[in-house]
Amino acid sequence: QVQLVESGGGLVEAGGSLRLSCEVSGNLFSINARAWYRQAPGKQRELVATITNGGSTNYADSVKGRFSISRDYTKNTVYLQMDSLKPEDTAVYYCYARTVTVNGEKEYWGQGTQVTVSS
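In this text, all values refer to a predicted model and were calculated from it rather than measured experimentally. (Residues numbered from 1 in each chain as written. Predicted model: local features only at pLDDT ≥ 70, side-chain atom pairs only at ≥ 80, totals over all residues. Heavy atoms only, no water.)

Looking at where Ala33 falls in the secondary structure, it is placed in strand E4 (residues 31-39). On the accessibility criterion, Ala33 (13% relative accessible area) is buried. Along the sequence, Ala33 and Val78 sit 45 residues apart, while their C-alpha atoms lie 11 Å from each other. Sequence-distant contacts of Ala33, defined by excluding residues within four places in its chain, comprise Ile51, Tyr96, Ala97 and Arg98. (Helix = DSSP H or I, 4+ residues; strand = E, 2+ residues; numbered from the N terminus. Buried < 20%, exposed > 50% of the residue type's maximum accessible area, 1.4 Å probe, protein only. Contact = heavy atoms within 4.5 Å.)

Put into structure tokens, the structure is as follows:
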């Protein structure tokens, strides 16, 4: 089992910055993928950024150059630094982790944190 707890959302003006945090606990050794997703009202949940166990990152085209995903191994925390925010970044942001065990793959989600960018 893995637990994910997000924090750091809020209201910010366009052009501003926010940093989201996701504290991960539980069976950490079984995790093989960590990511941030977001879901805007009336839209499907979309992948924002991923980070592998080796530290490789990948981003959605819409956030490249503005967002940065990172990990703090000592705190078991994944971060999403969001700069140059735009109104279209407004969404609920979810932390995600996938585990692999002898029983197969399993996905875990945080409770979500609201990010609102005003124009």
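Sheets are built from strands paired through backbone hydrogen bonds, the pairs being either parallel or antiparallel. Sheet architecture is open: 4 strands sit in the order E1-E3-E8-E7, paired in antiparallel fashion. Of all strands in the sheet, those with a lone pairing partner are strand E1 (2-7) and strand E7 (67-72), marking the two edges. Looking at each pair of strands side by side, their axes are set apart by 20° on average, direction ignored. Where E1 lies against strand E3 (residues 18-26), 6 bridges are found, and the strand directions are antiparallel. Residue pairing for E3: Ser7 is matched across the bridge by Ser21. (Pairing = 2+ DSSP bridges. Axes fitted to C-alpha atoms, helices over the stretch in contact; angles between N-to-C directions.)

Glancing now at the pattern of salt bridges. For side chains of opposite charge, pairing can occur when their charged atoms come near one another. Evaluated as defined, the whole model comprises 5 salt bridges. Notably, a salt bridge pairs Arg38 with Glu46, separated by 2.6 Å at the nearest N-O pair. Accessibility expressed as a relative area gives 5% for Arg38, which makes it buried. Ionic pairing is found between Arg98 and Glu105, a salt bridge with its closest N-O pair at 3.9 Å. By relative accessible area, which is 57% here, Glu105 ends up exposed. (Salt bridge = Lys/Arg side-chain N within 4 Å of Asp/Glu carboxyl O.)

Moving on, we come to the environment of Trp109. With respect to the helices and strands, Trp109 occurs in strand E10 (residues 104-109). As for Trp109 and Asp61, which are separated by 48 residues in sequence, their C-alpha atoms are 22 Å apart. Look past the residues within four positions of Trp109 in its chain and what remains in contact with it is Leu4, Tyr37, Arg45, Tyr94, Cys95 and Tyr96.

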